[in-house]
Amino acid sequence: MLWSSAEAHTVDLGNPREVQEVRQFLQGFDLAYNGDVDYTVAFYDERLQIIATGSLKNNVLCNIAVAESLQGEGFTASVVSHLMREAATHGLYHYFLFTKPDMVPQFSSLCFKEIARSDSLAVLLESGIGSIGSFLHSIANETVNLPVGRRAALVVNCNPFTLGHEAVIARASRENDAVIVLVVSEDQSAFPFAVRFRLVQEGLKKYPNVCVLPSGPYIISAATFPGYFTKGQDTVAAQTRLDATIFGQWIAPALGVTRRYVGDEPYSEVTRQYNEALLEVLPQYGIEVVIMPRKQAGTEIISASRVRQCINKDEWQTIRRMVPETTYAYLVSSEAQIVLQKLRTMGNIYHRNV
Amino acid sequence: MAKIEKTGQAGTLESSDIMITVVPDKSGIQIELESIVMPQYGDAIRATIEKIMKEQQIEGIRIKAIDKGALDCTIRARVLTALDRAGAEIREVLA
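All values derive from a computational prediction rather than experimental measurement. (Residues numbered from 1 in each chain as written. Chains lettered and ligands numbered in written order. Predicted model: local features only at pLDDT ≥ 70, side-chain atom pairs only at ≥ 80, totals over all residues. Heavy atoms only, no water.)

J.: I would appreciate a short explanation of the overall build of chain B in the present structure.
T.: On a plain count of helices and strands, chain B comes out with 2 helices and 4 strands. The secondary structure elements of chain B, listed N-terminal to C-terminal, are β-β-β-α-β-α. Taking 2.2 N^0.38 as the reference for a compact globule, 95 residues should give roughly 12 Å; the C-alpha atoms of chain B span a radius of gyration of 12 Å, in line with that estimate. A principal-axis box enclosing the C-alpha atoms of chain B has dimensions of 30 × 30 × 20 Å. Burial analysis of chain B (95 residues in total) assigns 43% to the buried set. For chain B, long-range pairs separated by at least 24 residues make up 75% of all intrachain contacts whose partners lie at least 6 apart in sequence. Carbon and sulfur atoms make up 49% of the accessible area of chain B, which amounts to about 5,100 Å² in all. For chain B, the distance from the average position of its 13 positive side-chain charges to the average position of its 15 negative side-chain charges is 3 Å. (Helix = DSSP H or I, 4+ residues; strand = E, 2+ residues; numbered from the N terminus. Rg over C-alpha atoms; globule rule 2.2 N^0.38 Å. Buried < 20%, exposed > 50% of the residue type's maximum accessible area, 1.4 Å probe, protein only. Contact = heavy atoms within 4.5 Å. Areas by Shrake-Rupley, 256 points an atom, 1.4 Å probe, with all protein chains shown as cover. Lys, Arg positive; Asp, Glu negative; His and termini not counted. Charge placed at Lys NZ, Arg CZ, Asp CG, Glu CD.)

J.: What should I look at first to understand helix α4 (residues 132-142) of chain A in this one?
T.: Note on helix geometry: an α-helix contains 3.6 residues per turn, so any two residues three or four positions apart are oriented the same way. For α4(A), the set of buried residues is A:I132, A:F135, A:L136 and A:I139. Within α4(A), the buried residues cover an arc of 100° as seen down the axis, which keeps them to one side. (Arc of directions from axis to C-beta.)

J.: So what exactly am I meant to see when it comes to the confidence of the model for chain A here?
T.: In low-pLDDT regions, the fine details of the predicted coordinates are not to be read closely. Residues and elements named next belong to chain A. Residues of chain A with pLDDT of at least 70 account for 93%, and the chain-wide mean is 88. Scored below 50 in pLDDT, residues 227-232 makes 20 contacts in the model with residues more than four places away or belonging to other chains. When the criterion is pLDDT under 50, residues 348-354 qualifies, and its contacts beyond four places in sequence or with other chains add up to 29 contacts. (pLDDT = per-residue confidence, 0-100.)

J.: Whenever I open this one, the sheet that holds strand β7 (residues 122-128) of chain A confuses me. Can you help?
T.: Whether parallel or antiparallel, the strands of a sheet pair through hydrogen bonds between backbone atoms. Residue and element names in this part refer to chain A. Reading across from one edge, β1-β2-β3-β4-β5-β7-β6 is the order of the 7 strands in this open sheet, with mixed pairing throughout. Each edge of the open sheet carries a strand with a single partner, namely β1 (7-10) and β6 (113-118). Each strand of the sheet is rotated relative to its neighbour by a mean of 25°, with strand direction disregarded. Relative to β7, β6 runs antiparallel, the two sharing 5 bridges. Within β7, the residue paired with R117 across the bridge is V123. Helix α1 (residues 16-27) rests against β1, β2 (39-44), β3 (50-57) and β4 (60-66) of the sheet, and its axis sits at about 105° to β3. (Pairing = 2+ DSSP bridges. Axes fitted to C-alpha atoms, helices over the stretch in contact; angles between N-to-C directions.)

J.: It is not clear to me how the pairing of strand β4 (residues 61-67) of chain B should be interpreted in this structure. Could you clarify?
T.: The two faces of a sheet get side chains in turn, since along a regular strand they alternate between them. All names here are of chain B. Most of β4 is tucked away, with 6 of its 7 residues classed as buried. Relative to β4, strand β2 (residues 18-24) runs antiparallel, the two sharing 7 bridges. Of the residues in β4, the one forming a bridge with T21 is K64. Sheet analysis places strand β3 (residues 29-35) next to β4, joined by 7 bridges and oriented parallel. Bridge assignment links I29 to a residue of β4, and that residue is I61. Of the crossover connections in this fold, the one passing from β3 over helix α1 (residues 38-55) to the parallel β4 is left-handed. (Right-handed = clockwise from strand over helix to strand, strands pointing away.)

J.: How should I be thinking about the environment of A:V37 in this particular structure?
T.: All names here are of chain A. Within the element layout of this structure, V37 appears in the loop between α1 and β2. Judged by relative accessible area, V37 falls into the buried class, the value being 10%. Considered as a pair, V37 and A190 are 153 residues apart in the sequence and their alpha carbons are 21 Å apart. Ignoring any residue separated from it by four or fewer positions in sequence, one finds V37 in contact with L13, S55, L56, K57, C62 and N63.

J.: What is the right way to look at unusual backbone geometry in this model?
T.: The peptide bond linking A:N159 to A:P160 adopts the cis configuration, its omega dihedral lying at 5°. Phi angles above zero are rare outside glycine, and A:C111 is one such case at about 70°. Structurally, A:C111 can be placed in the loop between α3 (104-108) and β6. Accessibility expressed as a relative area gives 9% for A:C111, which makes it buried. Of note in the backbone geometry, B:Q57 takes a positive phi value of approximately 55° without being a glycine. Looking at the element boundaries, B:Q57 is found in the loop between α1 and β4.

J.: I'm lost on the nonpolar core in this one. Help?
T.: Proteins that are soluble and globular tend to have nonpolar side chains buried together. Core analysis: the biggest nonpolar cluster contains 48 residues, and A:L61, A:I64, A:V80, A:L83, A:F107, A:F112 and B:L13 have the highest contact counts within it. Top element by residues in this core is helix α2 (residues 75-89) of chain A. It accounts for 8 residues. Setting aside residues up to four positions removed in sequence, A:V80 forms contacts with A:L61, A:I64, A:F107, A:L110, A:F112 and B:L13. Core analysis: the second largest hydrophobic core is formed by 42 residues, A:V156, A:V210, A:A297 and A:V307 among them. (Core = buried A, V, L, I, M, F, W, Y, C linked by side-chain atoms within 4.5 Å.)

J.: Explain the sheet that holds β2(B) to me, please; I cannot follow it from the model alone.
T.: Residue and element names in this part refer to chain B. Sheet architecture is open: 4 strands sit in the order β1-β2-β4-β3, paired in mixed fashion. Of all the strands in the sheet, the pair left with one neighbour each is β1 (8-10) and β3. Adjacent strand axes in the sheet meet at a mean angle of 10° when their direction is disregarded. Contacting β2, β3 and β4, α1 crosses the sheet at an angle of about 150° to β3.

J.: Would you take a moment to explain the domain arrangement of chain A for this structure?
T.: All names here are of chain A. Here chain A is partitioned into domain 1 (3-130) and domain 2 (137-346). Relative to domain 2, the C-alpha centre of domain 1 lies at a distance of 32 Å. Contacts between the two partners involve 21 residues from domain 1, matched on the other side by 18 residues from domain 2. At the junction of domain 1 with domain 2, the criterion picks out 3 residue pairs in polar contact (both at pLDDT 80 or more). Looking at the side of domain 1 that touches domain 2, the elements with two or more residues in it are β4, β5 (94-99), β6 and β7. Among the residues forming the side of domain 1 that touches domain 2, the class breakdown is 12 nonpolar, 5 polar and 4 charged. (Domains from an automatic or database assignment. Polar contact = N/O pair within 3.5 Å; in protein donor to acceptor, adjacent residues only side chain to side chain. Nonpolar A, V, L, I, M, F, W, Y, C, P; charged D, E, K, R; others polar.)

J.: Is there a simple way to explain the packing of aromatic side chains in this structure?
T.: Describing an aromatic ring pair means giving the distance of the ring centres and the angle of the ring planes. Residue and element names in this part refer to chain A. This structure, assessed with the given rule, holds 7 aromatic pairs over all chains. When the ring of W316 is compared with that of Y328, the centres are 6.1 Å apart and the planes differ by 80°; the resulting orientation is edge-to-face. Of this pair, W316 sits in helix α10 (residues 316-322) while Y328 is found in helix α11 (residues 325-331), placing the two residues 12 residues apart along the sequence. Ring-pair connections join several aromatic residues into one group, and the members of that group are F96, F135 and Y218. Over the aromatic face of F247 sits the side chain of R260, whose NZ or CZ is 4.4 Å from the ring centroid. The aromatic ring of Y328 is capped on one face by R320, whose charged end is 4.2 Å from the ring centroid. (Phe/Tyr/Trp six-rings, centres within 6.5 Å; stacked < 30°, edge-to-face > 60°. Lys NZ or Arg CZ within 6 Å of the ring centre and 35° of its normal.)

Given below as C-alpha cells:
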C-alpha cells in the first residue's frame, strides 16, 4: 500500500476499544502498551487496520511500532515526526526515546543519539534541542569553584528537606573535599521543585564545600525512569539500572565525582531497588557507593514521607524535631499553605529517593 | 537586526524533507546541520540557511537542521515557517 493513503488518527485514550486495538497491535511486536501516556497516534490503512502507532508522555516517545510488511520504507520517520510535532505544540523540543537494542539503527537514522543502555534490555536515545553533552558541560561549569580533591555526590528529592537529609550531607561534607547535591528536577512531588531546591540551598548554607544543583533531565527523570520497554517486575529493575548507568558513565566523570552517598531506605520498595542498582552498577565505573543509616529523632526514623504524614495530621511538634529551622519556617509561612492544602487533599502517594 | 522570541519548528524527518528547529541564542547565527547528503550538499544547505537569516535580518539564533535530502525550495519553506512560528516577522524578499 502507499503511505499517502494511510490515515493518522489521534487515539481517544478514554475509549477502551481504541486503546485495546493499539494494545493488540503492539503485542504483535512483543511490546507492552504503557497506558500512562498523554497522547497516542495510530495510522490506519484503507481496510481500517492499524499499520503503525506511537505515543508520547511529556517529551518521551514510546510505544512505537510499524507493521512488519511496511518496515524499511520510512514509516518510522512519519510516526516520529508526528509525535515531535505534537510535543512541539506543548513547547517541548528535546525528545527522549526508549527502544530495544536491535531497533537502535532505525532511530539513529532519524538523528537520535544514544545516551546509554542498560544490559541488553533497553537503550535510551535523545534528539532535538539539548543533549547530554551540553548538559554535562553546564553542570561541570557550575562546579569549577568547588575545592579540588575527592568529590562526592548525592541525588535527593527532599520532599521536603529534613534533618535526615542534612545529616547524610553533613557526613559527606566531612568525609570529602567537596560535595555536589543534585536535587531531582522532575516536578512530580508534593512540594514544587522551586521550593524543594530553595529549602535544600537554605538548609546547606553552612557547609562551604557543598554545591546544590538541579539534577536535570538525566537523573531520576521521566526520561530515565520510563515504564514500557520491559514488562511487569523487570520494569523497575531495568529503569534503575539505566539511571545508574547514566550516572556512572556520564554524570560522575563530568563532575569529577568518585563517591555517591545514599540514605538507607526502610520504607520505599522503589528506592530500595534503586539503591541496589546503584550498588551493582556504580562500582563498575569506579564509583564507591556509601549507604548511610537513617538519622533518628528520639525513637523515630526521620524521613520526608513521615514529615508529609505529620502535615496531614497536623503534628507540628514531631515536624519540628525532624526538619531544620529553614524548612520549618517555610512550612508555617503563608506561602506554603497552598502546597500543604494540596498535600492534605491528595494524601501521600509519592515514593521518592531519600 | 531582529531576534526571535521563542522556539519554532517546521518540517519532518521524512525522505526529501528537512526538520528545522530555531532557538533564541545570545548572539550570532549558529547552525547545527545533520544531513544524509552532507559530503555533497552540506555547504549548500548551510549557505541557503545563512542567506535566509541575512534576508530576514535575524541574529541571536541557533538553528538545528536535520536534512533528509530536501530541495532548496523545501529548505527555504521550512526555515521561513520555523522563523514565523518562533515569532519573527517574515519580510517578503524579491528574488
